[in-house]
Amino acid sequence: MHRLITILFLGLCSLSVSAHNVVGGVYAIGNQIEGEVGFSNGDMAAAGTLIKVTDAEGNELANIKTNDEGLFSYTATRRIDHLFFANLSSGHLLELTLPAAELPDSLPSESVTGVNLSPQTMEVVAPSVTSSDQKTLEQMVERAVAKQVIPLRKELAEYKEKASLQDVIGGIGYIFGLCGLGIWWRLRQLDKQSKG
């Protein structure tokens, strides 16, 4: 009985020490992709942590590094899905995806390249003309929205992590309850046998 309680207590202690996951996020501000990598306990990735950037097919686009605050940035040149891979050692791996839909329409997409159209099927589309003032205003709005959305995404990721930890602790509570019920049942059976 004492051995079981000691084992469960040590298991809980080790759970609280190792119960952190790698968390992060990527966000597009125009064609600039910014991201952060860290742990669920609030520690950020070490400065110089390598981030590998690939497309959806796994073709390497770049290798970038985090700064002192676990942040990184990458300038997208095409409107494609971007995947970011981080290895924070000790088996802590993170994969983040920025969908192409979050990048500006002005970037060339992969679907346009490599298409061979004959002159009969080609369609001429006039480019949309925007003034530099309108582009500047759009960039300012994108930055302002991203400035508000980035902290919300981070809080949401932290909330999800806390909910998962609560689920683990709740599961351990169920285990204790079932162990207690089993011990009670066993003691009851022994008591009946000793009286019978």
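Structural data are supplied above this passage.
Notes on the structure follow. Computed from a prediction, not measured in an experiment: that's the story for all the values here.

Here we look at the overall build of the protein
On a plain count of helices and strands, the protein comes out with two helices and seven strands. Partitioning the contacts of the protein with sequence separation of at least 6, the portion at a separation of at least 24 is 53%.

A short note on the nonpolar core
Grouped together as the largest cluster of nonpolar side chains are 22 residues, with contacts concentrated most on Ile33, Val37 and Phe84. Elements supplying a minimum of two residues to this core: strand E1 (22-29), strand E2 (32-39), strand E3 (50-54), strand E4 (60-65), strand E5 (71-75), strand E6 (82-87) and strand E7 (93-98).

Structural notes on the sheet that holds E1
The strand order across the open sheet built from three strands is E1-E2-E5, with neighbouring strands paired in antiparallel fashion. Bordering the open sheet on either side are E1 and E5, each of which pairs with just one other strand. When strand polarity is set aside, the average angle formed by the axes of neighbouring strands in this sheet is 20°. Two strands pair when backbone bridges link them, and E2 and E5 are joined in this way by five bridges, in the antiparallel orientation. Paired with Glu36 across the strands is Leu71, a residue of E5.

A closer look at the pattern of salt bridges
Going through the model one piece at a time under the given rule, you end up with two salt bridges. Residue Arg79 is joined to Asp105 by a salt bridge in which the shortest nitrogen-to-oxygen separation is 3.0 Å. Residue Arg79 is located in the loop between E5 and E6, and its partner Asp105 is located in the loop between E7 and helix H2 (132-195); the two are separated by 26 residues in the primary sequence. With relative accessibility at 23%, the residue Arg79 sits in the partly exposed group. Residue Asp105 is classed as exposed on the basis of its relative accessible area, which comes to 66%. A salt bridge links Asp191 to Lys195, with the nearest nitrogen and oxygen atoms 3.6 Å apart. Within this pair, Asp191 and its partner Lys195 are both found in helix H2, separated by four residues, close to a single helical turn. Residue classification places Lys195 among the exposed residues on the basis of a relative accessible area of 66%.

Observations concerning the side chain of Thr54
On the secondary structure map, Thr54 appears in strand E3. Contact partners of Thr54, with chain neighbours within four places excluded, come to Asn59, Glu60, Leu61, Asp81, His82, Leu83 and Phe85.

Section: the sheet that holds E6
The antiparallel open sheet is built from four strands, whose spatial order is E4-E3-E6-E7. Looking along the sheet, the strands with just one partner apiece sit at the ends: E4 and E7. Within the sheet, the average angular offset between the axes of one strand and its neighbour, ignoring direction, is 20°. Sheet analysis places E3 next to E6, joined by four bridges and oriented antiparallel. Considered in E6, the bridge of Thr54 is made with Leu83.

As for a nonpolar patch on the surface
The grouping of Leu178, Leu181, Trp184 and Trp185 at the surface amounts to a nonpolar patch, some 480 Å² of accessible area in total. With respect to the helices and strands, the residue Leu181 is situated in helix H2. Classification of Leu181 as exposed rests on a relative accessible area of 52%.

Concerning the pairing of E2
In regular strands, side chains alternate between the two faces of the sheet. Burial analysis of E2 places six of its eight residues in the buried class, which makes it a mostly covered element. Following E1, the chain reverses through two residues before pairing antiparallel with E2; Gly30 in that reversal takes a positive phi of roughly 65°.

A word on the pairing of E1
Of all eight residues in E1, six are buried, a share of seventy percent or more. With eight bridges connecting them, E1 and E2 associate as antiparallel partners. The partner of Gly25 across the bridge, within E2, is Glu36.

Scoring rules and cut-offs
- Residues numbered from 1 in each chain as written.
- Predicted model: local features only at pLDDT ≥ 70, side-chain atom pairs only at ≥ 80, totals over all residues.
- Heavy atoms only, no water.
- Helix = DSSP H or I, 4+ residues; strand = E, 2+ residues; numbered from the N terminus.
- Contact = heavy atoms within 4.5 Å.
- Core = buried A, V, L, I, M, F, W, Y, C linked by side-chain atoms within 4.5 Å.
- Buried < 20%, exposed > 50% of the residue type's maximum accessible area, 1.4 Å probe, protein only.
- Pairing = 2+ DSSP bridges.
- Axes fitted to C-alpha atoms, helices over the stretch in contact; angles between N-to-C directions.
- Salt bridge = Lys/Arg side-chain N within 4 Å of Asp/Glu carboxyl O.
- Patch = residues over 30% accessible without salt bridge, like charges linked within 9 Å, V, L, I, M, F, W, Y side chains within 5 Å.
- Areas by Shrake-Rupley, 256 points an atom, 1.4 Å probe, with all protein chains shown as cover.

Don't take any of this as a statement about function, it's just geometry.
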